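Residues per chain are reported as follows:
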Amino acid sequence: MRVLRCTSCDLILHNVSVARGYSACCPGCDSRVAKNTSLSFSGEIALGLAALALFFPAQLFPLISIELIGVNLSTTVGSGAVTLLSTFPFVGLLVLFCTVFSPFVFLLSILLSNVALHYRHAKSLYYTTYVLKVIRHWVMVDVFLVSLGIAGFKVADIAEISVGSGLFSFVLLQILMATLLSRVSPKRYWDAYSAKAELMNNAKSQPQTALTLDEEHMIGCKHCGLAQNAEHSNCARCGAKLEKRIFQSIQKTWACLIAATIFIFPANFFPISILLTNGKRLEDTIFSGVAHLIKTGMYGIAIIIFAASIIVPVAKIIGLAYILTCIHFKVESGRKQRMKIYRFVKWIGKWSVMDLCVIAIMMSLIDRGRLLDFTPGPGAIAFGLVVVLTMIAAESLDSRLIWDKYEQR
């Protein structure tokens, strides 16, 4: 019977068949090790093409419009971020990367992966699935959609809002993106690649050479999931570099975490947004912005901003620091709980970008010169660095280290 290694905890498992529409989880760490999605490859291509067709009207046409001081203003996905490039290039580039560049590259990599799979070109399939694996964590169409709603509520008391022609396309794009993100993975393509190879061998009546696997010295590829003997430095199927553990995972995670901890103080104490109205300069930190929302009765938005901009970054730093400390002191109890914390930190990380997206949207809607002006504060740069560093820290941590020195049963 074929075996595999869980890429999250390194437990050796029997590779069982999974019914269509179901998943199989590791009994050790509860991570998903196999999934037989109900979405076929032809359906995946159809969704990818439909999302790509919606991408351009969703990006180019106005999402919402307002009438401010007798002037009609509208915002697209990238208009506020482009405006930020002249004064706050880091913040503008981050918003553009997460809301424009990453979704487009994600959709393109899905289509190119299907092309590479169809022609069975292993090298091309490796590159496209590698891009797919990396870029999927930075696709934040859903974050921008929530940010758009928050920005709309913020300007509702000073201007009349109307729905733009691009909003319908953007909502449909988010639905398709969410479907693809939940069903597409590099392992899915490589399993199909292997299945095609087996069919071709059977059709040519060529007996497939059985691999003798030494379970004790077997290594699982982090990219395509193939379990193999650690005889070579590269995976026999996808060509990725084989590593028992990610090189200097703890050092890289600690470095990003310490840097994020340093930047979180200016992110919270320096103004994150500055509003000029009637000759008055109103500077808001994250805390004062939340307090202002509570004072004006916007309790729901205040809770969302407080959770995304204050609780989430702090929780990510504390959670990762706790996991790293337990790894350092080889704490054996509570490994499953730490694994849950790690998965939660990876999932929740992108929602901190919400505040920066709100700033970008407000920049495109409220920028009327001396009478009324909106601009980010220096705290926005520090906050953007906190978001990026904590996300890189979560990706740098090798979760298998949580389970080292543990007797597998």
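How each quantity is defined
Residue numbers restart at each chain and count upward from 1, following the sequence in its written direction. Side-chain atom pairs in this predicted model are given and counted only at pLDDT of 80 or more, local residue features only at pLDDT of at least 70, and totals for whole chains, interfaces and linings cover all residues. Hydrogens and water are ignored here; the side-chain numbers use all heavy atoms of the structure. Numbering of helices and strands runs from the N terminus; a helix is a DSSP stretch of H or I covering at least four residues, while a strand is a stretch of E covering at least two. Only protein chains enter the accessibility calculation, which uses a 1.4 Å probe. A residue is then buried if its area is under 20% of the maximum for its type, exposed if over 50%, and partly exposed in between. Any pair of residues with heavy atoms lying within 4.5 Å of one another is described as a contacting pair. We define a salt bridge as a side-chain nitrogen of Lys or Arg found within 4 Å of a carboxyl oxygen belonging to Asp or Glu. UniProt positions are given in the numbering used here, feature names are shortened, and annotations may be inferred rather than shown by experiment. As used in this structure description, the phrase polar contact means that two N or O atoms lie within 3.5 Å; if the pair is within protein, one of them must be able to donate a hydrogen and the other to accept it, and residues adjacent in sequence are counted only when both atoms belong to side chains. By convention a nonpolar core is built from buried Ala, Val, Leu, Ile, Met, Phe, Trp, Tyr and Cys residues, the set being connected through side-chain atoms within 4.5 Å. An automatic or database domain assignment supplies the start and end points of every domain. Any residue with relative accessible area above 30% and no salt bridge may belong to a patch, with like charges joined within 9 Å and the nonpolar Val, Leu, Ile, Met, Phe, Trp and Tyr side chains within 5 Å. Only the protein chains shown count as covering a residue, and every accessible area follows the Shrake-Rupley method with a 1.4 Å probe.

Engineer: Can you lay out the environment of His137 for me, pointing to particular residues and giving the numbers?
Structural biologist: Assignment of secondary structure puts His137 in the loop between helix H4 (122-135) and helix H5 (141-155). Among the residues examined, His137 registers a relative accessible area of 27% and is labelled partly exposed. Spatially, the C-alpha atoms of His137 and Phe329 are 30 Å apart, while their sequence positions differ by 192 residues. Residues in contact with His137, not counting those within four places in the same chain, are Met391 and Glu395.

Engineer: Could you give an account of the pattern of salt bridges, with specific residues and numbers?
Structural biologist: Charged atoms that come close allow side chains of opposite charge to pair. Enumeration according to the criterion identifies nine salt bridges in this entry. Across the salt bridge formed by Lys350 and Asp142, the nearest N and O atoms sit 2.9 Å from each other. Of this pair, Lys350 sits in the loop between helix H11 (335-348) and helix H12 (354-365) while Asp142 sits in helix H5, and the two are 208 residues apart along the sequence. Residue classification places Lys350 among the buried positions, given a relative accessible area of 16%. Taking the shortest distance from any N to any O, the salt bridge between Asp191 and Arg237 comes out at 3.4 Å. With Asp191 in helix H7 (residues 186-203) and Arg237 in the loop between strand E9 (227-229) and helix H8 (249-269), this pair connects stretches of sequence that are 46 residues apart. Classification of Asp191 as partly exposed rests on a relative accessible area of 32%. One continuous salt-bridge network, built from bridges that share partners, spans Arg5, Asp10, Arg245 and Asp404.

Engineer: Tell me about the UniProt feature "transmembrane region" (unreviewed entry) in the chain, and name the residues and values.
Structural biologist: Within the UniProt annotation, "transmembrane region" (unreviewed entry) is assigned to residues 45-70, 90-117, 138-155, 161-181, 254-277, 297-324, 344-366 and 378-397. Strand forms 0% of residues 90-117 and helix 100%; the C-alpha atoms that close the span are 37 Å apart. Strand forms 14% of residues 161-181 and helix 71%; the C-alpha atoms that close the span are 31 Å apart.

Engineer: Hey, could you go over the side chain of Arg400 for me, with residue numbers and the actual values?
Structural biologist: Among the structural elements, Arg400 can be located in the segment after helix H13 (378-396). In this structure Arg400 comes out as buried when scored by relative accessible area, which is 2%. Looking at Arg400, its side chain comes within polar contact range of the side chain of Asp398, at 2.9 Å.

Engineer: Mind laying out the nonpolar core, listing which residues take part and the relevant values?
Structural biologist: Ranked by size, the top nonpolar core spans 124 residues in total, and within it Cys6, Cys26, Phe106, Leu107, Leu173, Leu180 and Leu356 carry the most contacts. Of all the elements, helix H3 (residues 89-118) adds the most residues to this core, at 12 residues. Looking at which domains feed residues into this core, each of domain 1 (42-184) and domain 2 (247-408) supplies at least three.

Engineer: Account for a nonpolar patch on the surface, naming residues and giving values.
Structural biologist: On the surface, a cluster of nonpolar side chains totalling about 330 Å² of accessible area is made up of Phe56, Leu60 and Phe61. Structurally, the position occupied by Phe56 is in helix H1 (residues 41-60). Given the relative accessible area of 41%, Phe56 is considered partly exposed.

Engineer: Just give me the short version of unusual backbone geometry, but keep the residues and values in it.
Structural biologist: The residue Asp10 is not glycine, and still its phi comes out positive at about 75°. Residue position: Asp10 is located in the loop between strand E1 (3-5) and strand E2 (12-14). Given a relative accessible area of 15%, Asp10 falls into the buried group. The phi angle at Arg120 is positive, at roughly 55°, despite the residue not being glycine. By secondary structure assignment, the location of Arg120 is in the loop between H3 and H4. Overall, Arg120 belongs to the partly exposed group, its relative accessible area being 26%.

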